Structure formats: C-alpha cells, structure tokens
Amino acid sequence: MKFVKVNEVPSRVQKRDVHAYLKEFMRMNIKTVRVEDHGYKSAKVAANCIGSSVKRHVFPIDVRQSGNDVYLIRRDI
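In this report, the structure presented in the accompanying data block is examined. Predicted model, so just to flag it, every value in this text is computed and none were measured. Every chain is numbered independently, its residues counted from 1 as its sequence is written. Under the rules for a predicted model, residues below a pLDDT of 70 receive no local features and side-chain atom pairs below 80 are neither given nor counted, while totals for whole chains, interfaces and linings still include all residues. In computing side-chain properties, one takes all heavy atoms of the structure into account and sets aside hydrogens as well as water.

**A word on the packing of helix H1 (residues 18-27) against helix H2 (residues 43-57)**
The axes used here are C-alpha line fits, helices contributing only the stretch in contact, and every angle between their N-to-C directions lies in the interval 0 to 180 degrees. Segments assigned H or I by DSSP are reported as helices when at least four residues long, segments assigned E as strands when at least two residues long, and all are numbered from the N terminus. Where H1 contacts H2, the two axes come as close as 10 Å, and the packing angle between them is 75 degrees. Considered as vectors, H1 and H2 are oriented roughly perpendicular to each other. In contact with Val18, His19 and Leu22 of H1, H2 contributes Ile50, Ser53, Val54 and His57. Charged residues are taken to be Asp, Glu, Lys and Arg, nonpolar residues to be Ala, Val, Leu, Ile, Met, Phe, Trp, Tyr, Cys and Pro, and polar residues to be all remaining types, Gly included. Its residues placed into classes, the contact of H1 with H2 shows four nonpolar, three polar and no charged. Should an angle fall under 35 degrees it is called roughly parallel, over 145 degrees roughly antiparallel, and 65 to 115 degrees roughly perpendicular, with every other angle called oblique. Only heavy atoms enter the contact rule, under which two residues are in contact if any of them lie within 4.5 Å.

Structure below.
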C-alpha cells in the first residue's frame, strides 16, 4: 500500500439546476425541444438525470434519447 500526501480533499462537482431549465422549457410553450449542450458525460446519463428531475418535480414532460440527442416533449400541449 502506498500513501500520497495531499493538502485538502477535492470538493464535489457542482450540481446542475435542472429544475430551473425545466421551468424555462415549460414557459416556452413549445411541444418538443432538443437539448443542445447538456454538459453530462453522455446523452444516456443526461436523459436519465433530466428524467429523474422531471419525476421529482412532477412536470408533464417526457424525456427521450435518440442516438446522441436528448429531447424534451410536453404532454400537456
């Protein structure tokens, strides 16, 4: 076993405020949008995280992934 001295433990990655993005999408009054720059490791991870936030905040939105693209689809329009 080998030990390396460090000055401090690195902090966690800052959380994304997906709720604010979802509220902005709801205000747009558009049926379907493609998420351009999601900032996640992959489209699959982005779709999963956004979908979890949609469920948590009870938005009428479906999240779909097609290849490397993530789409948000409103169910109430």
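Now, onward.
**Overview of the nonpolar core**
Of all hydrophobic cores here, the largest spans 17 residues; its most connected members are Leu22, Ile50, Val54, Ile61, Val63, Val70 and Leu72. Of all the secondary structure elements, the ones that give two or more residues to this core are H1, strand E1 (32-35), H2, strand E2 (61-66) and strand E3 (69-74). Tallying contributions element by element places H2 first for this core, with five residues. Excluding its chain neighbours within four sequence positions, the residues that come into contact with Val54 are Leu22, Phe59, Ile61 and Val63. As used in this record, nonpolar core signifies buried Ala, Val, Leu, Ile, Met, Phe, Trp, Tyr and Cys residues forming a set joined through side-chain atoms within 4.5 Å. Classification of residues uses two cut-offs on accessible area relative to the type maximum, computed with a 1.4 Å probe and protein chains only: under 20% is buried, over 50% is exposed, and between them is partly exposed.

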